[in-house]
Amino acid sequence: MIDLFEKSVETLELPKVLEMLAVEASTQEGKERCLKLRPYTDPDDVERALAETSAAVDLVSLRGAPYFGDVRPVETSLQRADMGGALNTRELLDVAAVLRCARGCIEYAAGSDKKTPMDPLFLGLTANRFLEEKITGSILSEEEIADAASPALADIRRHKRATAAKVRDILQKLITSNQSKYLREPIITQRNGRFVVPVKSENKNDVPGLVHDLSSSGGTFFIEPMGVVKANNELRELEAKEKKEIERILAELSADCAAHREDISQDYRFLVLLDVIFARAGLSLRMRGMAPKIVSRGLRFLDARHPLLDRDTAVRNDLRMGSDFDTLVITGPNTGGKTVTLKTIGLLVLMAQCGLHIPASDESEMQVFDRVLADIGDEQSIAQSLSTFSSHMTTIVGILKEADDKTLVLFDELGAGTDPVEGAALAAAVIEESRSLGALVAATTHYAELKVYAMTTAGVENASCEFNVETLAPTYKLLIGIPGKSNAFAISRRLGLPEHIIDAAANRVSAENVRFEDVLTQLDVQRQEMEKEKEAARVLRRETEEARAKAAQYRDDLEKQRAKAVEKAEAEARAILDEARRAADDTFRELDDMRKRQRKEEDWQRVNEARTGLRHKLNEAEGRLGAAPETELPPPTRPAVKGDTVELARMPGTKATVLEVKKDGTLQLQAGILKLTATQEEVRVTEGETEASVKKVVASATHKLRTMGASPEVDLRGMTAAEALLELDRFLDNAVMGRLQEVRIIHGKGTGVVRSAVRDHLKRSPYIRTFRPGKYGEGEDGVTVAELK
């Protein structure tokens, strides 16, 4: 007798899903394992299998699946090799394929830093590249051994080719000599592995040699001339040596395989397991499946569809049991989808317990059942015929014997096939007995008594499959909480049954049944209104979430723009300060040189001219330091005369006293300790200014320049090589003028282009004494530390 659980597995069409799974597997044993897959009953095993499938889906989505196509069974071959037998070329190539696939999987796993439930399988694989390459280097195909398989084989084949060429040369001379007239055709052929020539039968005695064959007509003798007998004998000896050497090579390779038998066998077993796991991942991606969460009681499949229906056209439903009710009674007209709903519940449970993802939302959840028992007489299935009442009852009796609190029970058309009154009573009693055993129950029925039973019994819930009376077509939408209507009168009226017949039938229906149907109609109208309001609320919520997301994105964009603006402003400010520091350092260095020359030569005129030039540089540096946009020059005043106090037009606030007006119109000015020369256009006469105020302004500017220093570090990350070298030159100029002894150049590691360009530039720089990579704690190879001269 067929086991009731196995019968239920067949009824719920799990084997068809497993056939789809087997298509995704690559190895023959993997396909067989897929077809034999059965549900786990331990929650830990189910969670592990689902986690393996989820991890494989993630890996396939990111990096594709590993290749298992060349993996073939090697256990029998390895066992024979371990007993001292020699494997043939096909068996050795299969061993090499297992080793190659194992190595590929090890490299595949090494490319991911994320831990997965499959790590023990990947870590259990052993790569033996030496043996793999020894086999593939020795065996080119099932029919050909490579010359490089051994030095002896290469030598034998070299001599064999030379001997064959010698034979051909002798025979070629014969067919081109005057003896060619005795030949049927001027060709060289082989008989019994020896080179011969075709000789006419009437001239067989004119060509001395050994006869090896005769044509079917008897007109041609295939003769081995005496001149090549010795060479042919040598060739046969070499062929025998070649065969013996090949046998030795195969025996040696077989012994190597036997020495690593355990590792190779384990590689094969683990590769088959990985093949099955990645096949589950392939089926998940094909069905767009998700892993349900495992809970202690009940099931809840959201947005679920039947796995064997087209994913683009199948109607999705929310299916739940076990939370606020443990029994679901589904009613409605025939062909409305009741049986498909039952099968969907049972098949999704079986798939999940096999470690397969289910075509439902990732928020779905379910308990792990010990058994899923189904009594489904699916008259809509090609593979099923109608069941009699007795066969239904036999199955129900078996279900009630096995059911417990870890059983999911599915009844299709419970109580059908007998008197409606007795059938309804039996159906209610069977459901109550199943509930008392602790099982979760889903049943379909046409009986109105069971609708009332579900409405009046705690823990039992009505459900119906929606039917569109206008189109006379089911929508296949499951409505939990609403009992189904038969719609017999409405369907008959749409199909053209005369109205007086429908009225006569209605008069035969009891008043209680009429009121019950009216209540169902009102409930259906209210449900439709609630569905419309629910859909409107869903649309409004989605629009609100989209608006919130856009607002958040806009805020993020504004914050990024503000940060970029601040960064740009800071960079420009640093560049201006660096330039000002360089100018100040140049100025003070030249002032020191000028003082030394003044003490030695007392050449006041030259000192004054030098000071004038330095004052120009100081003015330009001060202007750049301001970092402010150029302003319009103040309007011209009267021409300056000796003794006037003037303001430099291009340095607002800088005052000087006119010492002399020269013949060419230029002015000699005194600004603090500095004397400088300017034209009338470069100054503006101020009234009431004193020399003390001029000295104060100059002293203030000098103080600003003296307080600026050079940075000991520059960051070149994010720049191109050309940009980095330009910035590096400016930085080194700064550092030299700032009298720094050592600087730190940050260029990062990256591709190494900027690092190489920087170090090549430092080799040629006149400012650099030595340089080295950063030490541990300094940035290592992402930093170069340079010592200045």
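Residues numbered from 1 in each chain as written. Predicted model: local features only at pLDDT ≥ 70, side-chain atom pairs only at ≥ 80, totals over all residues. Heavy atoms only, no water.

S.K.: Tell me about the overall build of the chain, and please be specific about residues and values.
M.R.: What the chain contains, in helices and strands, is 22 helices and 25 strands. Sorting the 789 residues of the chain into buried and exposed places 42% on the buried side. Of the contacts formed within the chain by residues at least 6 apart in sequence, a portion of 68% connects residues at least 24 apart. When the accessible surface of the chain is summed, it comes to about 42700 Å², and 52% of that surface belongs to carbon and sulfur atoms. (Helix = DSSP H or I, 4+ residues; strand = E, 2+ residues; numbered from the N terminus. Buried < 20%, exposed > 50% of the residue type's maximum accessible area, 1.4 Å probe, protein only. Contact = heavy atoms within 4.5 Å. Areas by Shrake-Rupley, 256 points an atom, 1.4 Å probe, with all protein chains shown as cover.)

S.K.: Lay out the sheet that holds strand β4 (residues 194-200) with the relevant residues and their values.
M.R.: The antiparallel open sheet is built from four strands, whose spatial order is β3-β4-β6-β5. The open sheet terminates on both sides in strands that have one partner only, identified here as β3 (189-191) and β5 (209-214). Each adjacent strand pair in this sheet contributes to an overall mean axis angle of 50°, direction not counted. As defined by bridge partners, β3 adjoins β4 across three bridges and the pair is classed as antiparallel. Counterpart to Thr-189 in the pairing with β4 is Val-196. Along the sheet face, helix α9 (residues 151-175) touches β4 and β6 (220-225) and points at about 10° away from the line of β4. (Pairing = 2+ DSSP bridges. Axes fitted to C-alpha atoms, helices over the stretch in contact; angles between N-to-C directions.)

S.K.: Got a sec to walk through the packing of aromatic side chains? Specific residues and values, please.
M.R.: Inspection of the entire model under this criterion finds three aromatic pairs. On the numbers, 6.2 Å between centres and 40° between planes, the contact of Phe-68 with Phe-278 is tilted. Taken as a pair, Phe-68 in the loop between α4 (43-63) and α5 (75-82) and Phe-278 in helix α11 (residues 261-287) lie far apart in primary sequence, 210 residues in all. We note that Phe-68, like Phe-278, is buried. For the pair Tyr-108 and Phe-278, a centre-to-centre distance of 6.1 Å together with 80° between the ring planes defines the contact as edge-to-face. Here the residue Tyr-108 occupies a position in helix α6 (residues 89-110), and Phe-278 occupies one in helix α11, the gap between them amounting to 170 residues. For the pair formed by Tyr-108 and Phe-278, the shared burial category is buried. In textbook terms, an aromatic cluster arises when at least three aromatic residues are bridged by ring pairs, as seen for Phe-68, Tyr-108, Phe-122 and Phe-278. If you follow Arg-48 out to its NZ or CZ, it ends over the ring of Tyr-40, 5.7 Å from the centre. Taking NZ or CZ as reference, Arg-63 lies 4.4 Å from the ring centre of Tyr-108, over its face. (Phe/Tyr/Trp six-rings, centres within 6.5 Å; stacked < 30°, edge-to-face > 60°. Lys NZ or Arg CZ within 6 Å of the ring centre and 35° of its normal.)

S.K.: Before we move on, could you go through the pairing of strand β17 (residues 645-648) and cite the residues and values that matter?
M.R.: Pairing between β17 and strand β18 (residues 655-661): three bridges, direction antiparallel. The residue bridging Thr-645 from the neighbouring strand is Thr-657, located in β18. As paired elements, β17 and strand β21 (residues 683-686) share four bridges and run antiparallel to each other. The partner of Thr-645 across the bridge, within β21, is Thr-686.

S.K.: So what's going on with the packing of α6 against helix α8 (residues 129-138)? Residues and values would help.
M.R.: Across the interface, α6 lies against α8 with an axial gap of 9 Å and an inter-helix angle of 140°. If you check the angle between α6 and α8, you find them oblique. The crossing of α6 and α8 is left-handed. Of the residues in α8, those in contact with Leu-92, Leu-93, Val-95, Ala-96, Leu-99, Arg-100 and Arg-103 of α6 are Arg-129, Leu-131, Glu-132, Ile-135 and Thr-136. For the contact of α6 with α8, the per-class residue count stands at seven nonpolar, one polar and four charged. (Parallel < 35°, antiparallel > 145°, perpendicular 65-115°, else oblique. Left-handed = near helix turned anticlockwise from the far one by under 90°. Nonpolar A, V, L, I, M, F, W, Y, C, P; charged D, E, K, R; others polar.)

S.K.: Residue-level account of the packing of helix α13 (residues 389-402) against helix α14 (residues 420-436), with values.
M.R.: Close contact between α13 and α14 brings their axes to 11 Å; oriented N to C, the two are set at 20°. Between α13 and α14, the angle falls in the class roughly parallel. Read as a crossing pair, α13 and α14 show a hand that is left-handed. The segment α13 lies against α14, with Phe-389, Met-393, Ile-396 and Leu-400 engaging Leu-426, Val-430, Glu-433 and Ser-434. Residues belonging to the contact of α13 with α14 are distributed by class as follows: six nonpolar, one polar and one charged.

Any functional reading would require information beyond the geometric quantities listed.
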